[in-house]
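The lines below spell out each chain.
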2 protein chains.
Amino acid sequence: PNDLFFVRNHMPVPNLDERKHFLEVNGLGIKRGINLSVNDLKNKFEPVKITSTIQCAGNRRNDMNKFKKVQGLMWTGTAISNAEWTGCRLRDVLISAGINPNDKEIKHVQFEGADMDMTANKYGASIPFDKAMSPEVLIAYEMNGEPLPRDHGYPLRIIAPGIVGARQVKWLTCIKTSEEESTSHWQRKDYKAMPSNINIGDPLPFDSVPSIQEYPVQSAICVPTPNTKISRDTENIVVEGYAWSGGGRGIIRVEVSADGGENWKCAELEQAKGQDSEHMWAWTLWRLEIEIPEKAKENGHFELICKATDRGYNTQPEDACGIWNVRGLLHNAWHRVDVTIF
Amino acid sequence: PNDLFFVRNHMPVPNLDERKHFLEVNGLGIKRGINLSVNDLKNKFEPVKITSTIQCAGNRRNDMNKFKKVQGLMWTGTAISNAEWTGCRLRDVLISAGINPNDKEIKHVQFEGADMDMTANKYGASIPFDKAMSPEVLIAYEMNGEPLPRDHGYPLRIIAPGIVGARQVKWLTCIKTSEEESTSHWQRKDYKAMPSNINIGDPLPFDSVPSIQEYPVQSAICVPTPNTKISRDTENIVVEGYAWSGGGRGIIRVEVSADGGENWKCAELEQAKGQDSEHMWAWTLWRLEIEIPEKAKENGHFELICKATDRGYNTQPEDACGIWNVRGLLHNAWHRVDVTIF
């Protein structure tokens, strides 16, 4: 349901009318820019449906903050959602505007939204040209079969599957091909995971750190929730959660431990139909019923841990010590939930 | 130099003559198979040069074995090399054989080599069709500007940048488009990283584990070598090594610690020209001069550690506890070298 999809805005939500909304397409390799109405996008281009997960770069930041203090909104593991999107392919629109798919000068495709701050500075981001020309990238006008909700970018947004949420610009007004990335604050001065030797208060070396595009492999336990208490005579517990990775790398395995990582069991995976393991844009939901270890009853509690492996055999790190960064981005260490026994 | 490139064969090295060697191309979507001589490949198709790293799935297996016993050849960190390859694009050859680049039935492209075991069972492997149609995948006939050396596949081999070495079939005799993976032992019954709950002696659940294709992010220290001894009055030490990741994900950062991972410094990166960070097929060489910590002199030794981050912000795990697998494949934990102070 659309109202359960997580919301992450950077500025006030614009109030737009699709009948009066136009999308401008221009830039490098385009002789004459074009303006498209929402109806043009719906009627002049093949409609495509794709199920794709969007994750905020700050998902699970609170966990990284527990390891060592970071700066940002303290998201738990809920800054991620999955939906079916309908729209036209960005590549079809770019080609109709006159770009050559093999243009070697175009390196990035920039997006601008209608949302702006008090100085009229608009939200912007970009993705690499190769990705923009991939068939899964959409200019979306529907979410789960209905017009995009206002919070999720009505009337138009970018859906760039496998890429971090910050590049999937909402309330889309302008697309520009370019030799360079978007010059927006969010592309150039934020959403970059700094090296671990950069601490709070240090100058941030933005120019030497690439913008986040693809996301590393992630998973989290949703059931049981933190602070769950179970009775001493319970033998098994059902553990459920999500897993997802960037770049379309499908989840090939989710493992769960109930004894602090000594023993692991593979969970059952539930994946959207019609995807293959190299183009898996939707999250994997997983489930496992696991035995509660004897020791847990003595200790009065136990810790559940999950970790996922993606198609590139990337795995999640055990803790934040190798990935800590001052803005708390891309936290994907093993997820842990402590359960109390009474 | 070609004789420094690491060698990994599965069976005796064939002795072939390029004047008598033919490559057969057939399979799904090809009406009439074709046979190409080495001269056909050199003269009828555009020659392409690409610098690409090949890494054995067992590289650094000895390190994983130290964590917990595994099975296989005990490679140190040397089962990886880098070279410039010349050949024609696999996609050009497939298209000339009549396949439709958008064929939805073809899922894999299978390769067969001339090397065989005593029962005439030939070496074989496959890669996904999408990858096979990517412009970087070559049927190579030259290495560093000279004909392929016999050990490296003379007269023809597959170069599939970003993919594990085992799929880059040498002494290539046959290419076959198919709806399924190669049925060879090495595709179906080996080169799969098992879940960590599978131990030595357990039955191996080959069917539920995908074949390794892309490699996770890797790095290792080459200088100083293990067992290096330095004198007590040395203040700094130069650390050098390699880093590489699968899928063309460029190395964006290599960090080095001389105090067991408490403090890290970023190394200088040296990368082949003409690559971008989403299509980086060659390894990154790196170098850092780092101060020897005071404590090291008290202890009589210290440990250097390196770890790399790739363009998808994947990082190496701290140790093998989350990636251990019974065959010791894809070991990419932080690499450590102990240095003695006298």
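For every chain, the first residue of its written sequence is number 1, and the numbers climb from 1 along that sequence. Working convention: letters from A go to chains and numbers from 1 go to ligands, in the order in which they are written. Thresholds applied to this predicted model are a pLDDT of at least 70 for local features of residues and 80 or more for the giving and counting of side-chain atom pairs; totals over whole chains, interfaces and linings are not thresholded and use all residues. The basis for every side-chain value is the complete set of non-hydrogen atoms in the structure, without hydrogens or water.

Going by this rule: UniProt positions are given in the numbering used here, feature names are shortened, and annotations may be inferred rather than shown by experiment.
In the nomenclature of an unreviewed UniProt entry, chain A is known as Sulfite oxidase of Meloidogyne javanica. Turning to chain A, the UniProt annotation filed under Cofactor (unreviewed entry) states: "Mo-molybdopterin".

1. Description of the overall build of chain A
Going by this rule: Secondary structure counts use DSSP, requiring at least four H or I residues in a row for a helix and at least two E residues in a row for a strand, with both numbered from the N terminus. All radius of gyration figures rest on C-alpha atoms, and the globule criterion is 2.2 Å times the number of residues raised to 0.38. Think of it in three bands: with a 1.4 Å probe and only protein chains considered, a residue is buried below 20% of the maximum accessible area for its type, exposed above 50%, and partly exposed in between. Contact between two residues is taken to exist if any of their heavy atoms lie within 4.5 Å; hydrogens are not considered. Each accessible area is a Shrake-Rupley estimate made with a 1.4 Å probe; only the visible protein chains count as cover when residues are assessed. Asp and Glu are treated as the negative residues and Lys and Arg as the positive ones, with His and the ends of the chain left uncounted. By convention, the charge on Lys lies at NZ, on Arg at CZ, on Asp at CG and on Glu at CD.
A tally of regular secondary structure across chain A gives six helices and 19 strands. A compact globule built from 342 residues would reach a C-alpha radius of gyration of about 20 Å, and chain A, at 21 Å, matches this within 12%. By its C-alpha atoms, chain A is 75 × 45 × 35 Å across when sized along the principal axes. Expressed as a percentage of the 342 residues in chain A, the buried residues total 57%. Pairs at least 24 residues apart make up 72% of the contacts formed inside chain A by residues separated by at least 6 positions. Accessible surface, chain A: about 14300 Å² in total, of which carbon and sulfur atoms supply 48%. Across chain A, 40 positive and 45 negative side-chain charges occur, with their mean positions spaced 5 Å apart.

2. Some details on the UniProt feature "domain: Oxidoreductase molybdopterin-binding" (unreviewed entry) in chain A
Taken from the UniProt record, the annotation "domain: Oxidoreductase molybdopterin-binding" (unreviewed entry) applies to residues 10-186 of chain A. The span residues 10-186 of chain A carries 15% helix and 36% strand; its end-to-end C-alpha distance comes to 9 Å.

3. Looking at the UniProt feature "domain: Moybdenum cofactor oxidoreductase dimerisation" (unreviewed entry) in chain A
Residues annotated in UniProt with the feature "domain: Moybdenum cofactor oxidoreductase dimerisation" (unreviewed entry) correspond here to residues 211-340 of chain A. With 5% helix and 41% strand, residues 211-340 of chain A has end C-alpha atoms that lie 41 Å from one another.

4. Details of the interface of chain A and chain B
Going by this rule: Two parts lose some accessible area (1.4 Å probe) when they are put together, and adding that loss for both gives the buried area. Each polar contact in these results corresponds to two N or O atoms within 3.5 Å; when the atoms are within protein, one needs to be able to donate a hydrogen and the other to accept it, and residues that are neighboring in sequence are counted only if both atoms are side-chain atoms. In this classification, the charged set is Asp, Glu, Lys and Arg, the nonpolar set is Ala, Val, Leu, Ile, Met, Phe, Trp, Tyr, Cys and Pro, and all remaining amino acids, among them Gly, are polar.
Counting residues at the interface gives 39 residues for chain A and 39 residues for chain B. Of the roughly 2900 Å² buried between chain A and chain B, counting both surfaces, carbon and sulfur atoms make up 48%. Seen at the junction of chain A and chain B, the total is 15 residue pairs in polar contact (both at pLDDT 80 or more). Secondary-structure elements contributing two or more residues to the side of chain A that touches chain B are β14 (251-257) and β15 (265-266) of chain A. The element best represented in the side of chain A that touches chain B is β14 of chain A, accounting for three residues. Its residues assigned to classes, the side of chain A that touches chain B comprises 18 nonpolar, nine polar and twelve charged.

5. Brief notes about the packing of aromatic side chains
Aromatic ring pairs: the centre-centre distance and the angle between the two ring planes describe each pair. Residues and elements named next belong to chain A. Here is the rule: Any two of the Phe, Tyr and Trp rings considered here, Trp counted by its six-membered ring, make a pair once their centres fall within 6.5 Å; the pair's planes then place it as stacked at under 30 degrees, edge-to-face at over 60, or tilted in between.
For the structure on display, the rule yields 14 aromatic pairs over all chains. A centroid spacing of 4.7 Å and a plane angle of 40° characterise the contact between Y123 and W186, whose relative ring orientation is tilted. With Y123 in strand β6 (residues 122-128) and W186 in helix α5 (residues 185-188), this residue pair connects regions lying 63 residues apart in the sequence. Note on W186: relative accessible area 8%, which makes it buried.

6. Re unusual backbone geometry
With the exception of glycine, most residues fall at negative phi, and the peptide bonds are largely trans. Cis peptide bonds are those with omega within 30 degrees of zero, and the linkage from V223 of chain A to P224 of chain A qualifies with 0°. Along the polypeptide, P224 of chain A turns up in the loop between β11 (218-223) and β12 (229-230).

7. Considering the pattern of salt bridges
Note the following rule: In what follows, salt bridge is the name for a side-chain nitrogen of Lys or Arg lying within 4 Å of a carboxyl oxygen of Asp or Glu.
A full pass over the atoms with the stated rule returns 34 salt bridges over all chains. A salt bridge links D92 of chain B to R89 of chain B; its shortest N-O distance comes to 3.2 Å. Here E240 of chain B ties to R287 of chain B by a salt bridge, and the two come within 3.8 Å at their closest N and O atoms. Here E240 of chain B, found in strand β13 (residues 236-244), pairs with R287 of chain B, found in strand β17 (residues 284-291); they are 47 residues apart in sequence, far enough to count as distant. Overall, the relative accessible area of 33% leaves R287 of chain B in the partly exposed class. One network of salt bridges, in which partners are shared, links E46, R89 and D92 of chain A.

8. Comments concerning the sheet that holds strand β1 (residues 22-27) of chain B
All names here are of chain B. Operational definition: Between any two strands, at least two bridges found by DSSP are needed for them to pair. Axis lines are fitted through C-alpha atoms, for helices just across the contact stretch, and the angle between N-to-C directions can take any value from 0 to 180 degrees.
Reading across from one edge, β2-β1-β10-β5-β6 is the order of the five strands in this open sheet, with mixed pairing throughout. Both outer strands of the open sheet, β2 (34-37) and β6 (122-128), are each paired with one neighbouring strand and no more. When strand polarity is set aside, the average angle formed by the axes of neighbouring strands in this sheet is 20°. Across four bridges, the pairing between β1 and β2 is antiparallel. Each residue of the ladder has a partner; that of L23, found in β2, is L36.

9. Points about the nonpolar core
Here is the rule: Remark: nonpolar core denotes a set of buried residues (Ala, Val, Leu, Ile, Met, Phe, Trp, Tyr, Cys) joined through side-chain atoms within 4.5 Å.
Of all hydrophobic cores here, the largest spans 61 residues; its most connected members are V25, L41, L90, F111, I139, L172 and I175 of chain B. Among all residues touching V25 of chain B, those that are not within four sequence positions of it are I30, G33, I34, L36, V93, L94, A97 and I175 of chain B.

10. Some details on the sheet that holds β14 of chain A
Residues and elements named next belong to chain A. Spatial strand order, β12-β19-β18-β14-β15: five strands in an open sheet with mixed pairing. Among the strands making up the open sheet, the edge pair consists of β12 and β15. One ladder, built from two bridges, connects β14 with β15; its direction is antiparallel. Its bridge partner lying in β15, V256 is registered against K265.

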